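An overview of the molecular structure
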Amino acid sequence: DFAALAPMPDDPILGLVELFKKDPRETKVNLGVGVYLNEAGFLPLMECVEEAERRLLERHLPRGYMPMSGMPQYCASVQKLVFGKDHAAVKAGRISTIQTLGGTGALQLAAAFAHQFLGVNQGVVSDPTWGNHIAILKADGLEVGKYAYLKADRSGIDFEAFKAALNALPAKTLVLLHGCCHNPTGFDFSHDEWREVVKILVERDLLPLIDMAYQGFGAGLEEDAFAIRLLADEGVTFLAATSCSKNFGLYGERVGALHIVCDNEKEAQVVTSIMKRIVRQEYSNPPTHGGQIVAEVLGDPELQASWRKEVEGMRSRIVGMREALYAAGKAEGLDFSFAVKQHGMFSFTGLSAEEMDLLREKYGVYGVRNGRICIAGLNHRNVEYVAKSLAAVFKA
Ligand code: PLP
Ligand code: TYF
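In this text the structure is predicted, and so the values were computed from the model without any measurement. Within any chain, residue numbers begin from 1 and follow the written order of that chain's sequence. Following the order in which they are written, the chains are lettered starting with A and the ligands numbered starting with 1. Reporting in this predicted model follows two pLDDT cut-offs: at least 70 for local features of residues, and 80 or more for side-chain atom pairs to be given and counted; totals over whole chains, interfaces and linings ignore these cut-offs and use all residues.

Comments concerning the site of ligand 1
Near, as applied to residues and a molecule or strand, means the residue's backbone-placed C-beta atom lies within 6 Å of it. Neighbouring residues of ligand 1: G34, G102, G103, T104, W130, N183, D211, A213, S243, S245, Y251 and G256. It is helix α5 (residues 102–118) that provides the largest number of residues to the shell around ligand 1, a total of three residues. Classification convention: Asp, Glu, Lys, Arg as charged; Ala, Val, Leu, Ile, Met, Phe, Trp, Tyr, Cys, Pro as nonpolar; all other residues, Gly among them, as polar. Grouping the constituent residues of the shell around ligand 1 by class yields three nonpolar, eight polar and one charged. Only DSSP runs of H or I covering at least 4 residues are called helices, and only runs of E covering at least 2 are called strands; the numbering of each starts at the N terminus.

Some details on the site of ligand 2
Surveying the vicinity of ligand 2 reveals the residues D11, I13, L14, V33, G34, W130, N132 and N183. Classifying every residue of the shell around ligand 2 gives four nonpolar, three polar and one charged. A domain-level breakdown of the shell around ligand 2 finds at least three residues from each of domain 1 (14–45 + 313–395) and domain 2 (65–287). Where each domain begins and ends follows an automated or database-derived domain assignment.

Observations concerning the UniProt feature "domain: Aminotransferase class I/classII large" (unreviewed entry) in the protein
UniProt positions are given in the numbering used here, feature names are shortened, and annotations may be inferred rather than shown by experiment. As annotated by UniProt and renumbered to match this structure, "domain: Aminotransferase class I/classII large" (unreviewed entry) occupies residues 27–390. Counting secondary structure, residues 27–390 comes out at 46% helix and 14% strand; the distance between its end C-alpha atoms is 14 Å.

Topic: the pairing of strand β2 (residues 95–100)
In terms of burial, β2 is a largely internal element, six of the six residues being buried. Each residue is classified by how many other C-beta atoms fall within 10 Å of its C-beta atom, where C-beta atoms are placed from the backbone; a count of 20 or more means buried, 12 or fewer means exposed, and values in between mean partly exposed. The alternating pattern of β2 places I95, T97 and Q99 and S96, I98 and T100 on opposite faces, both of which are buried. A strand pair is defined by DSSP finding two or more bridges across the two strands. In this sheet, strand β8 (residues 256–261) lies alongside β2 in antiparallel orientation, the contact comprising six bridges. Bridge assignment links I98 to a residue of β8, and that residue is L258.

Structural notes on the environment of S96
Looking at the secondary structure, you find S96 in strand β2. Given 26 C-beta atoms within 10 Å, S96 falls into the buried group. Sequence separation between S96 and S352 is 256 residues, and the spatial gap between their C-alpha atoms is 42 Å. By the convention adopted here, residues make contact when the C-beta atoms placed from their backbones lie within 7 Å. When sequence neighbours within four positions are dropped, the list of residues in contact with S96 reads I260, C262, A268, V271, T272 and M275.

This is the structure in C-alpha cells:
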C-alpha cells in the first residue's frame, strides 16, 4: 500500500501559477513562470505557427512513429538555427542533433549520455541556477556542485570568482552553462568573457553542456548563439541543449534538441546511434506535431523570415519593458538599473524570499521567492503598479 508516502512540495515556480489563478484581486500581476506574455497580457499563438499548422492540416499527414532521433528535417533545421547555416561543423556533419522533449528532455539525455557513456560522475551548475538543472543532473547519477556566478551585491557576474571555480574543477567535470539569458539572474557573459571561459574549459579538459532555452530573447537570434558557435569554432567537443518552447511559443508541445558536437562525422554517427539507444528505453520516439511545425517554419524561407520578425518583436517588447521598469523606478526615486543591465525574460531584483512574499501577499505581484521577476509579464498597463509595489517593498 501507499500509506507511508509523503506528499512532495510543489515546484517553486510552477506552483506559483496555481496560486496566481486563485488570487481574486484584479490588480494581480503574474511575473512568476518564464512564459512570454504580449502587451495585452496573454500568451500569443505565433502567426507563423498558425500558418504552419494550416499547411500541415491541408496535407493530412499520417501520425506514424518518428525515428528515435526525431524528424530529420527538424533536426537539420534546428542545427542550422543554433550553429549558423554555414558553420564548418554543420557542413562537416560532425554534430549529432536529436529531437528531444523540450529543453528539459535535452538536458536529461545529455546527463544520461555523459554519465553512462563518458564516465562523467560530477557536474557543476551556476549559483544560482534554474532549480531543475540540479534535479536533472542528480537524477542521472551525477554529483552536483555549484560554481560562483553572482556578485555578493547581485549587481553583476563575479567573473574572477567564476574563473577560480572553473580552474579548481577536476578534468571531465560536466559544466552546465547558460548559453544566453541566464535564468534566474539575467546576467550573461560578454563575448570577451566567453573567450576566456572557453579557454579554461579546454585547458582543464572539462565537458561543457550549454543550455540555451531563450535563443532570440537576449541580443538576437544570431547573437545569442555566440557561445555555442565559439565552442564549435574552437574545435571543442561539447553538448548543447536547446528549446523551441519560448521562441516558437510551443511550450506544451515539448520541442527541443540535443546537439553533441564531435571531432568528425564518423564520431557523430556513433554518438547518434548511442543517443537512439538511450531514447529507445526512455520514451522510444518524440511526438510528431511540434517538430513538424518547427520544420515547416524553418524549412520555408518566407515563413522563416516572418518568424524571425515575430521573435524580434517579442525581444524588443522585453527590452522596452526593461526600460519602462527602469523609468518607473526612477519616478519612485529608486534605481532599477538592474533591469536594463540584464538580458532575456528574467530579472533578479535583489529582494529576499520574505520580501517576495510581501510583494505577492500585499500587492498581488507574483515573482519567484529567489527574487526573480519575469519581465515578459510586464506591459504598459501594469509596469507602474509593479514599480510602485517594488518600491514599497524596497522601502519597507
Ligand atoms: N533551461 C532553462 C534555463 C529554462 O529556463 C527552461 C525553461 O523552461 C528550460 C531549460 C527548458 O524548457 P523546456 O523544457 O520547456 O523547453
Ligand atoms: O524558469 C522558468 O520559469 C521556466 C519555466 O519546473 C519552468 O523555465 C519553470 C519550472 C519548471 C519548468 C519550467
